[in-house]
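Listed below are the residues making up each chain.
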Amino acid sequence: MEQIQSMKSFGGEQRVYRHKSSVTGTDMEFAVFLPREALDGYFCPTLFYLSGLTCTWENVTTKGCPQMHAAKHGMIFVAPDTSPRGEEVANDPAYDLGQAASFYLNATEKPWAAHFQMESYLTEELPALLFDALPVDEDALGVTGHSMGGHGALTLAMRHPSLFHSVSAFAPITNPVDCPWGQKAFEAYLGSDQSKWAAHDACALVAEKGWDGDILIDQGLSDDFLENQLKPWAFEAACRKAGVDLTLRLHGGYDHSYYFISSFLADHMAWHADRLE
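Student: Explain the side chain of His 200 to me, please; I cannot follow it from the model alone.
Tutor: Among the secondary structure elements, His 200 is positioned in the loop between α6 (180–190) and α7 (202–208). You can call His 200 buried: its relative accessible area is 9%. Non-local contacts of His 200, meaning those with residues more than four positions away in its chain, are made with Leu 105, Glu 119, His 151, Thr 155, Arg 159, Pro 176, Phe 186, Leu 190 and Leu 205.

Student: Whenever I open this one, helix α4 (residues 118–133) confuses me. Can you help?
Tutor: Helical geometry: 3.6 residues make up each α-helical turn, so side chains three or four residues apart lie on a common side. Maximum bend of α4: about 30 degrees, positioned at Leu 126, with proline Pro 127 one to four residues after it. Looking at α4, one finds that the buried residues are Met 118, Glu 119, Ser 120, Tyr 121, Leu 122, Thr 123, Glu 125, Leu 126, Pro 127 and Leu 130. Each element contacted by the buried residues of α4 is listed here: β2 (12–20), β3 (27–34), β4 (44–50), β5 (76–80), β6 (136–145) and α5 (148–159).

Student: Which parts of the structure should I look at to understand the nonpolar core?
Tutor: Phe 103, Tyr 189 and Phe 235 are the most contacted members of the largest nonpolar core, which totals 84 residues. A total of seven residues in this core trace back to one element, the largest contributor, which is helix α10 (residues 258–276). Other than its neighbours up to four places away in sequence, Phe 103 contacts Leu 53, Asp 96, Met 148, His 151, Ile 173, Trp 181, Gly 182, Ala 185, Phe 186 and Tyr 189.

Student: Would you take a moment to explain the packing of aromatic side chains for this structure?
Tutor: For any pair of aromatic rings, the description consists of the separation of the ring centres together with the inter-plane angle of the planes. Applying the stated rule across the entire model yields 13 aromatic pairs. For the pair Phe 48 and Phe 164, a centre-to-centre distance of 5.8 Å together with 70 degrees between the ring planes defines the contact as edge-to-face. Residue Phe 48 is located in strand β4, and its partner Phe 164 is located in the loop between α5 and β7 (166–170); the two are separated by 116 residues in the primary sequence. Overall, the relative accessible area of 1% leaves Phe 48 in the buried class.

Student: Teacher, can you tell me more about the pattern of salt bridges here?
Tutor: A side chain with one charge may pair with a side chain of the opposite charge, provided their charged atoms come close. The full count for this structure, using the stated rule, is 12 salt bridges. The shortest N-O distance in the salt bridge between Arg 275 and Asp 214 comes to 2.9 Å. Taken together, the positions of Arg 275 in helix α10 and Asp 214 in strand β8 (residues 214–220) put the pair 61 residues apart, joining distant regions of the chain. We classify Arg 275 as partly exposed; its relative accessible area is 34%. Taking relative accessible area as the criterion, Asp 214 reaches 22% and is therefore assigned partly exposed. Of the charged contacts, one joins Arg 249 and Asp 218 as a salt bridge, the two residues approaching to 2.7 Å between their closest N and O atoms.

Student: Would you take a moment to explain the pairing of β8 for this structure?
Tutor: Strand residues, when the strand is regular, have side chains that alternate between the two faces of the sheet. Of all seven residues that make up β8, six are buried, and the element is covered over most of its length. With four bridges connecting them, β7 and β8 associate as parallel partners. Across the sheet, residue Ser 168 finds its bridge partner in β8, namely Leu 216. Of the pairings in the sheet, the one linking β8 to strand β9 (residues 245–251) comprises seven bridges and is parallel in character. Looking at the pairing, Gly 220 lines up with His 251 of β9.

Student: Hey, could you run me through unusual backbone geometry in this one?
Tutor: Trans peptide bonds make up most of the peptide bonds, and negative phi angles are found at most residues other than glycine. Note that the residue after Lys 110, namely Pro 111, is joined by a cis bond; omega there is 0 degrees. Within the secondary structure, Pro 111 sits in the loop between β5 and α4. Residues other than glycine seldom take positive phi values, yet Tyr 104 does so here, at roughly 55 degrees. Assignment of secondary structure puts Tyr 104 in the loop between β5 and α4. Overall, the relative accessible area of 1% leaves Tyr 104 in the buried class. Unlike most non-glycine residues, Ser 147 shows phi in positive territory, near 60 degrees. Among the secondary structure elements, Ser 147 is positioned in the loop between β6 and α5.

Student: I would appreciate a short explanation of the side chain of Asp 218 in the present structure.
Tutor: Assignment of secondary structure puts Asp 218 in strand β8. Within the structure, the side chain of Asp 218 is placed 2.5 Å from the side chain of His 251, a separation counted as a polar contact. Residues within four places of Asp 218 in sequence aside, it is in contact with Ala 169, Phe 170, Ala 171, Arg 249, His 251, Phe 260, Phe 264 and His 268.

Thresholds, definitions, all that
- Sequence order as written defines the numbering, with residues in each chain counted from 1.
- In keeping with the model being predicted, local features are shown solely for residues with a pLDDT of at least 70 and side-chain atom pairs are shown and tallied solely at 80 or more, while totals for entire chains, interfaces and linings include all residues.
- Calculation of side-chain values draws on the structure's entire complement of heavy atoms; hydrogens and water are dropped beforehand.
- In this description a helix means any DSSP run of H or I spanning at least four residues, a strand means any run of E spanning at least two, and both kinds are numbered starting from the N terminus.
- We call a residue buried when its accessible area falls under 20% of the maximum for its residue type, exposed when it is over 50%, and partly exposed in between, using a 1.4 Å probe and counting protein chains only.
- When checking whether two residues touch, look at their non-hydrogen atoms; a contact exists if any pair is within 4.5 Å.
- The reported bend at a residue is simply the angle between two axes, fitted to the 7 residues ending at it and to the 7 residues beginning with it.
- For the purposes of this section, nonpolar cores are sets of buried Ala, Val, Leu, Ile, Met, Phe, Trp, Tyr and Cys residues that join through side-chain atoms within 4.5 Å.
- Aromatic rings from Phe, Tyr and Trp, taking only the six-membered ring of Trp, are treated as a pair when their centres fall within 6.5 Å; an angle between ring planes under 30 degrees marks them as stacked, one over 60 as edge-to-face, and anything in between as tilted.
- Throughout this description, the term salt bridge denotes a Lys or Arg side-chain nitrogen within 4 Å of a carboxyl oxygen of Asp or Glu.
- The criterion for strand pairing is that DSSP finds at least two bridges linking the strands in question.
- Polar contacts, as used here, are pairs of N or O atoms within 3.5 Å; protein pairs need one atom able to donate a hydrogen and one able to accept it. Residues neighboring in sequence count only if both atoms are side-chain atoms.

Purely geometric numbers; function is a separate question.
Structure representation (structure tokens):
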């Protein structure tokens with residue numbers, strides 16, 4: 001890992017790292033906020049934040065102000081990138097496919113499979129790097145995310161419950177097998193055999209695997225993508241049927257932007273801190 005940025009913030013440090021990934025075959029960047037406790041060498045609970053379509057690690061670190069909340073709870077905050085990047089990496093002219101639109105899975109189809117191995121990156125390579133280099137408590141790792149990143153948070157937590165011990169989401173894509181964004185991405189990355197798609201659908205996963213803890217989701221009711229793309233009601237019904245404790249909070253007037261996320265990020269970080277303590 002090469003540290004390429006470091007800024008003092010709320011008594012801690014906001015850093016950016018770059019490293020060569022053997023999983024994606026590219027250079028990868030990610031941001032980490034280290035609270036004062038981590039700088040002093042104490043192992044800390046850690047929260048992964050997965051960003052949405054078109055974003056990088058920079059969106060949440062500059063617009064969400066996670067540093068203030070992480071410092072309050074003595075929590076490390078990790079913001080990975082949304083996909084591999086580079087001239088050699090496959091891309092698409094549309095914003096909802098290709099670079100910045102990985103859907104946090106391992107692609108099996110050409111041309112995507114060569115680099116788009118984000119599930120392995122986020123659940124194997126990146127945690128191993130963090131555990132080796134920073135005072136990350138391996139037994140206190142949570143995950144949250146927004147939109148496509150909310151989809152990633154829910155699915156990766158349920159697919160890797162021994163790694164992630166708490167999960168929440170902001171306006172997540174909860175039923176991608178039944179929405180335009182998900183169908184487009186899954187067909188491109190996983191192929192036309194829809195039987196393979198369910199393994200990356202939060203509604204199907206909670207029905208199959210459940211979740212031992214509780215889940216928090218915040219959703220704005222003025223979100224333009226609510227009915228057609230996000231479908232939190234489908235996930236609410238799946239959780240109820242599976243006996244999973246879901247808190248779905250609906251907020252009138254809030255949209256899909258970082259004005260919404262920054263309004264409720266403090267709640268999510270306190271929620272994770274309680275569960276990771």
